[in-house]
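Spelled out from the first residue to the last, the chains are:
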Amino acid sequence: MFIAATIAILIAMALGLVRALLGPTIYDRILSGNMFGTLTIILIAVHGFLEGRPEFLDIALVYALINFVATIAVLKYFRIKSPDKNETLQGEEP
Amino acid sequence: MILDVLSWIFLLLGGAFVIIGAIGMLRLPDVFSRSHAAGMVDTFGAGMIVLGLMLQTGGINLILFKLVLILFFIFFTSPAANYALVRAALADGAKPILKEGVDLQSSEKEEGAKPL
Amino acid sequence: MNLRRSVTLWIILYIFWYILSGYHTPLLLTFGAIACTISVWIAHRMDVLDQEGNPIHLTLKIIPYWFWLGGEIIKANFELAKMLLSPKLEISPVMFKMKTELTNELDRVIYANSLTLTPITITVEQEGDELEVHALTVKAAQDILGRDMERRVKNINDGWEG
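Computed from a predicted model, the values in this text were never measured in an experiment.

Caption draft 1: Fine view of the pairing of strand β3 (residues 130–135) of chain C. Residues and elements named next belong to chain C. Where burial is concerned, most of β3 is hidden: 5 out of the 6 residues are buried. In this structure, strand β1 (residues 94–99) lies alongside β3, joined through 6 bridges in antiparallel fashion. Residue pairing in the sheet places K97 in a bridge with E132 of β3. Where strand β2 (residues 121–127) and β3 come together, 6 bridges link them in antiparallel fashion. Across the sheet, residue E127 finds its bridge partner in β3, namely E130.

Caption draft 2: Just the interface of chain A and chain B, in detail. The partner chain B presents 40 residues to the 42 residues of chain A that form the contact. A combined buried area of about 3700 Å² lies between chain A and chain B, and 81% of that area is made up of carbon and sulfur atoms. For the pair chain A and chain B, the number of links is 2 salt bridges. In this structure, the salt-bridge partner of D28 of chain A is R34 of chain B, at a minimum N-O distance of 2.3 Å. Between the two partners, chain A and chain B, sit 5 residue pairs in polar contact (both at pLDDT 80 or more). Of all elements in the fold, only α1 (2–22), α2 (26–51), α3 (56–79) and α4 (83–92) of chain A reach the threshold of two or more residues within the side of chain A that touches chain B. Per element, the largest residue contribution to the side of chain A that touches chain B is 14 residues, and it comes from α2 of chain A. The residue inventory of the side of chain A that touches chain B, partitioned by class, reads 31 nonpolar, 4 polar and 7 charged.

Caption draft 3: How the structure looks around a nonpolar patch on the surface. Judged by side-chain polarity, M1 of chain A together with M1, I2, L3, V5, L6, W8, I9 and L12 of chain B come together as a nonpolar surface patch covering roughly 920 Å² of accessible area. Relative to the helices and strands, M1 of chain A is located in the segment before α1. Here M1 of chain A falls in the partly exposed class, since its relative accessible area comes to 39%.

Caption draft 4: Spatial organisation of the confidence of the model for chain B. Residues and elements named next belong to chain B. Per-residue pLDDT for chain B averages 80, and the proportion of residues at 70 or more is 85%. No element of chain B has a lower mean pLDDT than helix α4 (residues 104–109), which averages 49, and none a higher one than helix α1 (residues 2–27), which averages 88. Confidence drops under a pLDDT of 50 for residues 106–116, and excluding neighbours within four residues, the segment shows 7 contacts in the predicted structure.

Caption draft 5: Representation of the environment of L75 of chain A in the model. Among the secondary structure elements, L75 of chain A is positioned in helix α3. Along the sequence, L75 of chain A and Y27 of chain A sit 48 residues apart, while their C-alpha atoms lie 8.6 Å from each other. Leave out the neighbours within four places in its chain, and L75 of chain A touches Y27 and I30 of chain A together with A81, A84, L85 and A88 of chain B.

Caption draft 6: Examining the packing of α2 of chain A against helix α3 (residues 62–91) of chain B more closely. Contact pair α2 of chain A / α3 of chain B: the axes reach a minimum separation of 10 Å and the direction vectors enclose 175 degrees. With respect to each other, α2 of chain A and α3 of chain B are oriented roughly antiparallel. Packed against α2 of chain A, whose contacting residues are Y27, I30, L31, N34, T38, I41 and F49 of chain A, the element α3 of chain B presents I63, L67, I70, I74, A81, L85, A88 and A89 of chain B at the interface. Residues belonging to the contact of α2 of chain A with α3 of chain B are distributed by class as follows: 13 nonpolar, 2 polar and no charged.

Caption draft 7: Region of the structure containing the nonpolar core. Core analysis: the biggest nonpolar cluster contains 89 residues, and L39 of chain A together with Y111 of chain C have the highest contact counts within it. The element that contributes the greatest number of residues to this core is helix α2 (residues 31–54) of chain B, accounting for 13 residues. In this view, L39 of chain A contacts I9, A12 and M13 of chain A together with V18 and V41 of chain B; residues no more than four positions away in its chain are not counted.

Caption draft 8: Fine view of α1 of chain A. For α1 of chain A, spanning 21 residues, the distance from its first C-alpha to its last is 30 Å, which sits close to the expected 30 Å at 1.5 Å a residue. Considered for burial, the residues of α1 of chain A that qualify are F2, A5, T6, A8, I9, A12, M13, L15, G16, R19 and A20 of chain A. Among the structural elements, α2 of chain A together with α1 and α2 of chain B are those in contact with the buried residues of α1 of chain A.

What counts and how
- Per chain, residues are indexed from 1 in the order of the written sequence.
- Chains carry letters from A onward and ligands carry numbers from 1 onward, assigned in written order.
- Restriction of local features to residues with pLDDT of at least 70 applies here, the model being predicted, together with a cutoff of 80 or more for giving and counting side-chain atom pairs; totals for whole chains, interfaces and linings are based on all residues.
- By convention in this description, side-chain values take in all heavy atoms of the structure and omit both hydrogens and water.
- Think of it in three bands: residues with accessible area under 20% of the maximum for their type are buried, residues over 50% are exposed, and the middle band is partly exposed, with areas taken using a 1.4 Å probe on protein chains only.
- In this description a helix means any DSSP run of H or I spanning at least four residues, a strand means any run of E spanning at least two, and both kinds are numbered starting from the N terminus.
- When DSSP locates at least two bridges between a pair of strands, those strands are taken to pair.
- Contact between two residues is taken to exist if any of their heavy atoms lie within 4.5 Å; hydrogens are not considered.
- Buried area adds together the accessible area that both of two parts lose upon being put together, with accessible area traced by a 1.4 Å probe.
- Just to be clear on terms, a salt bridge is a Lys or Arg side-chain nitrogen sitting within 4 Å of an Asp or Glu carboxyl oxygen.
- N or O atoms closer than or at 3.5 Å make up a polar contact, with two conditions inside protein: a donor-capable atom paired with an acceptor-capable one, and, for residues adjacent in sequence, both atoms drawn from side chains.
- Amino acids are sorted into nonpolar (Ala, Val, Leu, Ile, Met, Phe, Trp, Tyr, Cys and Pro), charged (Asp, Glu, Lys and Arg) and polar (every other residue, Gly among them).
- Residues enter a patch when their relative accessible area is above 30% and they make no salt bridge; the linking distance is 9 Å between like charges and 5 Å between nonpolar side chains (Val, Leu, Ile, Met, Phe, Trp, Tyr).
- Using the Shrake-Rupley algorithm and a 1.4 Å probe, accessible areas are obtained, with residue cover drawn only from the displayed protein chains.
- pLDDT is a residue-level measure of predictor confidence that goes from 0 to 100.
- Angles shown run from 0 to 180 degrees and are taken between the N-to-C directions of axes, each axis being a line fitted to C-alpha atoms and, for helices, limited to the stretch in contact.
- Between 65 and 115 degrees an angle is taken as roughly perpendicular, under 35 as roughly parallel, over 145 as roughly antiparallel, and anywhere else as oblique.
- To qualify as a nonpolar core, a set must consist of buried Ala, Val, Leu, Ile, Met, Phe, Trp, Tyr and Cys residues joined through side-chain atoms within 4.5 Å.
- Given a helix with a known number of residues, its expected span is that number minus one, times 1.5 Å.

See below:
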């Protein structure tokens, strides 16, 4: 039964990759990457159960934290890419 | 036995919703509506699959605790990442595709009495 | 006030460390305690130990709210799945600004995050008491303006001031 969940997750990951390749804007790609990360977390967890080795959950746990930080970091990078935009964004903040 | 069947149902439901969310990523028109589909994968797909795994742990132990933590992290970080992404897209000048001619403000005052 | 938050954060971190590590030797327990102390010190220096960073004042009232939110999420998910699987994509995205009645910063964060977690609606912008919301259907937007969820968020913190 874990096999079915694994296959479903892999199909979803493939579809997410298609969006990442097609995506017209950079934000579509980042969104797709974020979803890919979430799917990876579940895939690692399900794979641990599939193999009967729950130690994989530790890796999934760490990945859950890294995924969030990675998304924020990439967004931050694209935000400061252009110096003009950085100025206007800082002007908005109180 | 009942737990097994229940966990299978959860796993299958989660898998189905993960695929539906990915299809939504492909079908929806712009980044704002796509983030709804990504939120669906993050909340319901992940939640159901992890819930299905929880029923397979066989009692309260460390594995169950770790699964609960994974679910917690996904549920707390997903909205924050989504919000940062949408805000950055908006600041970068992305225009959402909206339906024309919908007047929500008037229906707010009349408590939704006016049919659209 | 700040001391109480530091101590509770330390205790939570230590329990977390202990459960995940699984070691019982005195040397490693001491190392864990030192690591927790350093973490609390860094949090203190970063000035994030306020009511938002360590919300110890939230009572157990939040647990029924989570269950209610879970129900809402499931409902919205089935609605969205039905929309996505129908051959004609029947969406009517709307974006609108609204004023919230929530005065507390933490309440606003809980409210905005709850909106984002429910798949048909996401919070786009939150500045002061103004929220900008993107909804996938007109009906979902009207549900938000019906302010049911806002009232429930307000109920969590009822009676707590500061």
